[in-house]
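Residues per chain, in single letters:
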Amino acid sequence: MPVALPRSRSALAAVRQWYEDELRWPTTGTEPVELLTGVRFDALDLPADAGRAVLGRVGPTGPVLIDRSGSAGPRMLVLVTAGAAEELPELLEWLEWGSLGLDLTARGTGDRMPAPSPPPPSPQAWWPYGSGPREAAGWVRPPEPGREIEAALPTTGTGAGRGGRGVPLADRQGRAPDLVRLVSAAATECHRARLLRGRQARRQTDCGYGGQPFAFSNASRISAGTRPRSLTL
């Protein structure tokens, strides 16, 4: 896991100024710089492997960052409209994902999230604050200063998403998906990622049994209901 290197005080001040002056996003005023959720936006919080799959499925979204600071592995934060965090539990229940205990949460009012260094002005430019693997968090899809961020965030209601009613076809191109479709994709990919991780863990465990990578012990097969108990007597 990459180690986050400390930034100088001047760099931290520049980062805070960029978010507060360029984007009008409130920060915590602490070091390291963090962003307050629940004011201009909320954020869906899911494992990075599931998040990458979601971005491939839904296409354009609002800003997205990856957070590598946690001990449980990297997380992906997808910015959504403010208030979405309160809707998430009911959305998961309505989509029939509520009983599975998915690793999918949201950060809303009273929460915070990392504030990565701003992206470079151009792909060829060198940004003095440092970004990417040097830091614990970085932008996957950075915000664009000068644009109304809220208009690009997934939301619910009339006109939400690319297929919203009342939105001219020409205006739907490039819009973020509606919140329901985004949450549905996120829940599906979180569940799929959990199954894949479980399958990989079982394969690694099975490799310890006599060089037979897909073999189970008699005891484990009995407990799993795949081997008759009489065959072990």
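Calculation notes
Residues numbered from 1 in each chain as written. Predicted model: local features only at pLDDT ≥ 70, side-chain atom pairs only at ≥ 80, totals over all residues. Heavy atoms only, no water. Helix = DSSP H or I, 4+ residues; strand = E, 2+ residues; numbered from the N terminus. Buried < 20%, exposed > 50% of the residue type's maximum accessible area, 1.4 Å probe, protein only. Contact = heavy atoms within 4.5 Å. Salt bridge = Lys/Arg side-chain N within 4 Å of Asp/Glu carboxyl O. Arc of directions from axis to C-beta. Core = buried A, V, L, I, M, F, W, Y, C linked by side-chain atoms within 4.5 Å. Pairing = 2+ DSSP bridges. Axes fitted to C-alpha atoms, helices over the stretch in contact; angles between N-to-C directions.

In the nomenclature of an unreviewed UniProt entry, the protein corresponds to Proline-rich protein from the organism Streptomyces chrestomyceticus JCM 4735.

S.K.: Would you mind showing me how to read the environment of Pro142 here?
M.R.: Looking at the secondary structure, you find Pro142 in the loop between strand S7 (137-141) and helix H4 (169-172). Residue class for Pro142 comes out partly exposed when judged on its relative accessible area of 37%. Measuring from C-alpha to C-alpha, the distance between Pro142 and Pro118 comes to 8.0 Å, with 24 residues separating the pair along the chain. When neighbours within four sequence positions are excluded, Pro142 is seen to be in contact with Pro63 and Pro119.

S.K.: Please explain unusual backbone geometry as it appears in this structure.
M.R.: It is generally the case that most residues other than glycine have a negative phi and that most peptide bonds are trans. Residues Glu31 and Pro32 are joined by a peptide bond in cis, for which omega reads 0°. Tracing the backbone shows Pro32 in the loop between helix H1 (9-23) and strand S1 (34-36). Not every positive phi belongs to a glycine, and Arg24 is a case in point at roughly 65°. Topologically, Arg24 is positioned in the loop between H1 and S1. Located in the positive-phi region is Glu96, a residue other than glycine, with phi close to 65°. Along the chain, Glu96 turns up in the loop between helix H3 (84-94) and strand S5 (105-107).

S.K.: Looking at this structure, I do not really get the environment of Glu96. What am I missing?
M.R.: On the basis of relative accessibility, which here comes to 70%, the residue Glu96 falls in the exposed class. Sequence separation between Glu96 and Ser184 is 88 residues; the distance between their C-alpha atoms is 9.6 Å.

S.K.: Sorry if this is basic, but what is going on with the pattern of salt bridges here?
M.R.: Side chains that differ in sign of charge can pair as their charged atoms come close. Scanning the entire structure with this criterion turns up 8 salt bridges. Across the pair Glu34 and Arg112 runs a salt bridge whose closest N-O atoms are separated by 3.2 Å. Of the two residues, Glu34 sits in strand S1 while Arg112 sits in strand S6 (residues 112-114), which places them 78 residues apart along the sequence. Since its relative accessible area comes to 22%, Glu34 is described here as partly exposed. The shortest N-O distance in the salt bridge between Arg192 and Glu189 comes to 3.0 Å.

S.K.: It is not clear to me how H3 should be interpreted in this structure. Could you clarify?
M.R.: Given 3.6 residues per helical turn, the α-helix brings residues three or four places apart onto the same face. Those residues of H3 not exposed but buried are Ala84, Ala85, Leu88, Leu91 and Leu92. Along the axis of H3, the buried positions cluster into a sector of 95°, meaning they face one direction only. More than 90 degrees from the buried face of H3, the exposed residues found are Glu86, Glu90, Glu93 and Trp94. Looking one or two residues beyond H3, the residue adopting positive phi is Glu96, at roughly 65°.

S.K.: Honestly, the nonpolar core in this entry has me stumped. Any pointers?
M.R.: Note on soluble globular proteins: their nonpolar side chains tend to be buried together. Of all hydrophobic cores here, the largest spans 25 residues; its most connected members are Leu44, Leu46, Val54, Leu92, Leu104, Leu182 and Val183. Of all the secondary structure elements, the ones that give two or more residues to this core are strand S2 (42-47), helix H2 (48-58), strand S4 (75-80), H3 and helix H5 (179-206). No other element matches H5, which puts 8 residues into this core. Listed in part, the 18 residues of the second largest apolar core include Leu35, Ala43, Ala115 and Ile149.

S.K.: Explain the sheet that holds S2 to me, please; I cannot follow it from the model alone.
M.R.: Spatially, the 5 strands line up as an open sheet ordered S5-S2-S4-S3-S7, and their pairing is antiparallel. Each edge of the open sheet carries a strand with a single partner, namely S5 and S7. On average, each strand axis in the sheet is tilted by 30° relative to the strand beside it, whichever way the strands run. For S2 and S4, the ladder comprises 6 bridges, and the chain directions are antiparallel. If you follow Leu46 over to S4, its bridge partner there is Met76. Strands S2, strand S3 (64-67), S4 and S7 of the sheet are contacted by H2, whose axis makes an angle of about 115° with S2. Across the sheet, H3 is in contact with S2, S4 and S5; its angle to S5 comes to roughly 165°.

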